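Here is what each chain is made of, one letter per residue.
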Amino acid sequence: MQKNCYHCGSVNNNSDYSALVLREVRYFCCPGCQAVAETIVFNGLENYYSFRSELAPRPADNDSDILQSLRLFDEKSVTDEFVHQDKQGQEIQLSIAGINCAACGWLIENQLSKLDGIKQVGVNVLAKRLVVIWDEQQLKLSQILQKIQQIGYDAKPFQAEQHEALHQQENKTLLKRLGLAGLMAMQVMMLNLGVFFDWFGHIDSDTKQYFAWISFILSTPVALYSAMGFYLSAYKALKVARVNMDVPISFALLSIYISGCYATLTHSGQTYFESLCMFVFLLLISRFLEQNARFKAVQISSNLLNHMPTMATLMVKGEHQLVLAKTLVAGQQVLVRSGQIIPIDGKVIEGFGQVNESMLTGEFELVTKHPQSAVYAGTINQVGTLVVEVSQDLKHSLANQINQLQSSALLAKPKIAALADIVAQYFVVFVLLTAATSFMAWYFIAPDKAFWVAISVLIATCPCALGLATPVSLTCAIANLNKQGVLLKRADVLEQINAIDWIALDKTGTLTEGKFALQILHNLSQHSDSEVLQLAASLEQFSSHPIATVFKLEHKLLEVINVQEIVAQGIVGHIAGVEYRIGSSRLMALPIPEQLQDCNVYLASPDKLLAAFKLSDTVRQDSQTLIDYCKPRHIVLLSGDNRADVQQLAQSLHISHWHAQLDPQQKLNLIKQAQHAGHKVLMVGDGINDGPVLAQADVAITLGMGTDLAKSSADVILLENALHKIPVLFAVARKTQVNIKQNMTWAIAYNMLILPLAVLGVLSPLAAVIGMSLSSLLVVLNASRLLRN
C-alpha cells in the first residue's frame, strides 16, 4: 500500500481517505487532501499530478480550512457541469460514500434539512446518491458538502464512471474485511472447538490461557478492522444524537470483544472470540450479498450513463477532430459512423442510418433516421453514417434529463416508506432498551446467561429488514419501468395509481398520433388556394400545436407582426396591415356556417371567414387496447376539437363519456369536479396545452419522447409514446404494493417472533446473527423479483 499521502506527501497511516486519480485509487492522509484532490479531478485538472514538480502543502484539518478547499465547488466551471436549474432552485446529484442502511439516508436528510436555504433533499440508499435542491442566494454548494463531511460521509458530484469506481472500491474493501474475518474465524474456531470438546486430551490451565491469548491476537484484527464499517456507521449517527441499525450491532460486537479481553487479561471467565469472528463473518457476508443485489437494481437505471461516450468526432471545415463530448455546443456538427454511440442530442443533416434506441425506450426494433430526424445521446447508430447537428449540450441531453429525474423520483416518498423510516428509528431505541432490561432481569435469574441474552436481543432484533422493506422495492420497480421506457418523476406514483378510479384522456397526440393531413380546403375568399395556404402557413409557423405541421410550405412565407398565440384556440397576427386569425371556431369573431361545422381549422380576417380546413388524424394502434384495459374505471375523453370529430373517435373506441371544444380551463374544472366528488383522477395527455390539467390530476401521464422532460407537468413520461405501456405501469404498481406489504409483513413478523425467543434465552447469539442476516437478505431477494418484466 502507498506509504505517503498522494497529495501532500505526509506519512499516511490511514487508508480511509482515497480517490480515483489518473485511473488509480490514491490514498490520502486526511479529508482535506482528499477533498482538494477530488476537486482537481472533477474540474478536469488531474494532469496537475502528472506534471507537478513538487508536492502540495497539506490542508489544515479544521473546518474553516476544509471549507476553503471545498469552495472550489462553487466555481462556475463546476456548477455549469453538475448543477441544474429547478423550479424551486439549484439542483445537484451527489455520490455518497459510506451509506450502509436506510438510517444513514435518514440521518443525512435530517441534518441537511436543518440548513437555511435547503428546499428539498432525498437520499437513494440503494444507489448511494443524494439529490439536493437549494437556494443559492442563501446557501453555497461548498457549505452543503461541508455539512455532509461533518457528519462523516464523503460527497461529490455524481459522474457515472466515478460512481462505478466508488462501488468497486467499496466492494474491494468489503471483500478484504470479509476475507480476513473468514480466515480468522476458521483459526479461532479450530482452537476453541478443540478446547470445548477436549480434542487435544487433557489441557492444563496454562495451555488454555495460551490458546486464549492466541484467540485474542487473531480476533483483534476482526474486531478492529473487519467490523470497522459497523462502528463508523454507528458513530456517525451517535455524533448527531441519532441511532441507526448499526448501533445495536456495534454495541454487541464491542461488548463481546471487551468482555473477552477482560477475561483473557484477568484469567477469569469465558472468552467468546470464536463467536465474535463468526458474527462479523456472517454479518459481512449478508452485507456483501445485499449490497450487490441492490447495486444490480441500480445499475439497470444508470446503465445508459455508464455507456455514454466521452469523445466525439467534430467536423470543422471538412476536417475531423476528436473532442470531449461535454464540450460540444448547439450548432456544431459531429460525424457518427456505423457501430458508434451517438454522443449528443441533435438532428441528422446528412446521411441515413438505423439507430438502436432501446436504452431510452425499451424497444429493440431499429429506428430509421434520415435528414431532419432527431437523435439522442447514448443511442447506437447500427447501420450507416450520419452527420448530426448538435441541438443542445450534453448536460441538457435527454439521457441526462432521464438520469436526473430518476434520481429525483425518490424525493417524493410514499406514505408507507415515510412510516417505515419513523418506525425503524424508534424500534432501534426499543431494541436497546429491551436488551438492557433483559440483561438486568437475567442477571438475577441466571447471571452467567445475562450477557449472552442481551447480545442475542441486540443482534436478532436489529430492524435492518424493516428499514429496507420499502426503498428496495421502490428502487427495483422504478428500474424495471425505466428499462421499459416508462419514466417516473415521483416514486409515490406507484402508491397513488393503485387508487385511480377516474381516467381522463386527451384526443390529439394521445389517442391519435397527431400526424395530420389536409383532407378538404373550403376556400370562401377571392384568393387562390395557394395564397390561402400561404396565409395559413405564415401564421401557423408560430404555433406549438401539432396541427401547425400541416401548413408547412417550402416557398417563402409572408412577414407576420404582432403575433399572439392563444392557448387551445389559435394564432392572431398582422400581415400587410391586416389582422388575420387562424384556429378553432372559438377564436373566430364570426359565425361559422352549419355546413362547415365539422371542419377543424378556420382562417378569417376581421370582417370575413376566408377558409375552412378539414383535417384527418390517425388513431394510435394501441388506443383500443388501453381503453379495454381501463374499462372497469370511469373513462372520459376531453378534447378541444370540434364536436363531430370527438364524437366519431369516442364511438370508434367505445368511450361513453366525452366532451368537445374545451379550453384548458374547462378541462381543469372537469378534473376538479371529479376530485371533489371523491374520485382519484388519472390524466393522460401529450403535454401540449395541458400543463395545468396534468398538474391538477392525482397522477398525470404524458407522451414525452424528445420533449424537455424536466419542464413537463406530468408524473409519468412514456419515452416511446406508446399507450400500451400504461397497463404495464398499473401492473408494476400493483406488484410493488404487494411486494412492499410482503416485505413489511415479513420484517414485522420476524421481529415479533424473534424478540420473545431472544429475551427468553432460547435463541443463541449465533442463531441471532443468522436470523438477522437472512431476514435482510430475504427482503432484498423478494424485491429483486420486481426487476423481471
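Refer to the structure above for everything that follows.
Residues numbered from 1 in each chain as written. Predicted model: local features only at pLDDT ≥ 70, side-chain atom pairs only at ≥ 80, totals over all residues. Heavy atoms only, no water.

Draft legend 1. Inspection of the overall build of the chain at higher detail. A count of helices and strands for the chain gives 25 helices and 29 strands. Counting over 789 residues, the chain shows a buried share of 54%. Of the contacts made within the chain by residues no fewer than 6 positions apart, 66% connect residues no fewer than 24 positions apart. Roughly 34,500 Å² of accessible area belongs to the chain as shown, and the carbon and sulfur atoms make up 56% of that amount. (Helix = DSSP H or I, 4+ residues; strand = E, 2+ residues; numbered from the N terminus. Buried < 20%, exposed > 50% of the residue type's maximum accessible area, 1.4 Å probe, protein only. Contact = heavy atoms within 4.5 Å. Areas by Shrake-Rupley, 256 points an atom, 1.4 Å probe, with all protein chains shown as cover.)

Draft legend 2. Broad picture of the pairing of strand β2 (residues 24-28). Note: strand β1 (residues 17-21) against β2, 5 bridges, orientation antiparallel. Bridging from a neighbouring strand, Ser18 pairs with Tyr27 of β2. Linking β1 back to β2 in an antiparallel pair, the connection comprises 2 residues, with Leu22 at a positive phi of about 50 degrees. (Pairing = 2+ DSSP bridges.)

Draft legend 3. Quick peek at a nonpolar patch on the surface. A contiguous nonpolar surface patch, about 490 Å² in accessible area, is contributed by Phe439, Met440, Tyr443 and Phe444. Examined against the element boundaries, Tyr443 turns out to sit in helix α14 (residues 415-445). For Tyr443, a relative accessible area of 47% puts it in the partly exposed group. (Patch = residues over 30% accessible without salt bridge, like charges linked within 9 Å, V, L, I, M, F, W, Y side chains within 5 Å. Salt bridge = Lys/Arg side-chain N within 4 Å of Asp/Glu carboxyl O.)

Draft legend 4. Looking closely at the pattern of salt bridges. If you walk through the whole model with that rule in mind, you get 5 salt bridges. One salt bridge in this structure joins Asp506 and Lys667, with 3.4 Å as the shortest N-O distance. Of this pair, Asp506 sits in strand β18 (residues 502-506) while Lys667 sits in helix α22 (residues 664-676), and the two are 161 residues apart along the sequence. Note on Asp506: relative accessible area 6%, which makes it buried. A salt bridge links Lys614 to Asp645; its shortest N-O distance comes to 3.0 Å. Remark: Asp645 occurs in helix α21 (residues 643-652) and Lys614 occurs in strand β24 (residues 608-616); sequence separation between them is 31 residues. For Lys614, a relative accessible area of 13% corresponds to the buried category.

Draft legend 5. The arrangement of the sheet that holds strand β23 (residues 601-605) in detail. Taking strand neighbours across the sheet as the criterion, the 6 strands line up as β19-β24-β23-β22-β21-β20 in an open arrangement whose pairing is antiparallel. Only two strands of the sheet have a single neighbouring strand rather than two, namely β19 (517-523) and β20 (561-566). Going from strand to strand, the sheet's axes swing by 15 degrees on average, the running direction of each strand aside. The pairing of β20 with strand β21 (residues 570-575) spans 4 bridges and is antiparallel. Directly across from Gln564, in β21, lies its bridge partner Val572. (Axes fitted to C-alpha atoms, helices over the stretch in contact; angles between N-to-C directions.)

Draft legend 6. Examining the packing of helix α15 (residues 447-460) against helix α24 (residues 725-759) more closely. Two numbers describe how α15 lies on α24: the axes approach to 9 Å, and their chain directions differ by 170 degrees. Between α15 and α24, the crossing angle belongs to the class labelled roughly antiparallel. Between α15 and α24, the contacting residues are Val453, Ser456, Val457 and Ala460 on the first element and Tyr750, Asn751, Ile754, Leu755, Ala758 and Val759 on the second. For the contact of α15 with α24, the per-class residue count stands at 8 nonpolar, 2 polar and no charged. (Parallel < 35°, antiparallel > 145°, perpendicular 65-115°, else oblique. Nonpolar A, V, L, I, M, F, W, Y, C, P; charged D, E, K, R; others polar.)

Draft legend 7. Up close: the nonpolar core. Core analysis: the biggest nonpolar cluster contains 105 residues, and Leu253, Leu494, Leu511 and Leu729 have the highest contact counts within it. Dropping the residues within four chain positions of it, Leu729 is found in contact with Leu481, Val486, Leu488, Leu494, Ile497, Ile701 and Val716. If you look at the next biggest cluster of nonpolar residues, it comprises 26 residues, including Ile118, Val123, Val132 and Ala237. (Core = buried A, V, L, I, M, F, W, Y, C linked by side-chain atoms within 4.5 Å.)

Draft legend 8. Focus on the sheet that holds strand β26 (residues 657-659). Sheet architecture is open: 7 strands sit in the order β17-β29-β28-β27-β18-β25-β26, paired in mixed fashion. Edge positions in the open sheet fall to β17 (486-488) and β26, since each of these has one partner strand only. Looking at each pair of strands side by side, their axes are set apart by 20 degrees on average, direction ignored. Sheet analysis places β18 next to strand β27 (residues 681-685), joined by 4 bridges and oriented parallel. Bridged to Leu505 within β27 is Val684. Sitting on the sheet, α21 is in contact with β25 (634-638) and β26, with an inclination near 160 degrees to β26.

Draft legend 9. Inspection of the packing of aromatic side chains at higher detail. Throughout the structure, instances matching the rule amount to 12 aromatic pairs. Here the aromatic rings of Tyr443 and Phe444 are separated by 5.9 Å at their centres, their planes lie at 85 degrees, and the arrangement is edge-to-face. A relative accessible area of 72% places Phe444 in the exposed class. Seen from their ring centres, Phe451 and Trp452 are 5.1 Å apart, and the 80 degrees between their planes marks the pair as edge-to-face. Ring-pair connections join several aromatic residues into one group, and the members of that group are Trp213, Phe216, Tyr257 and Phe273. (Phe/Tyr/Trp six-rings, centres within 6.5 Å; stacked < 30°, edge-to-face > 60°.)

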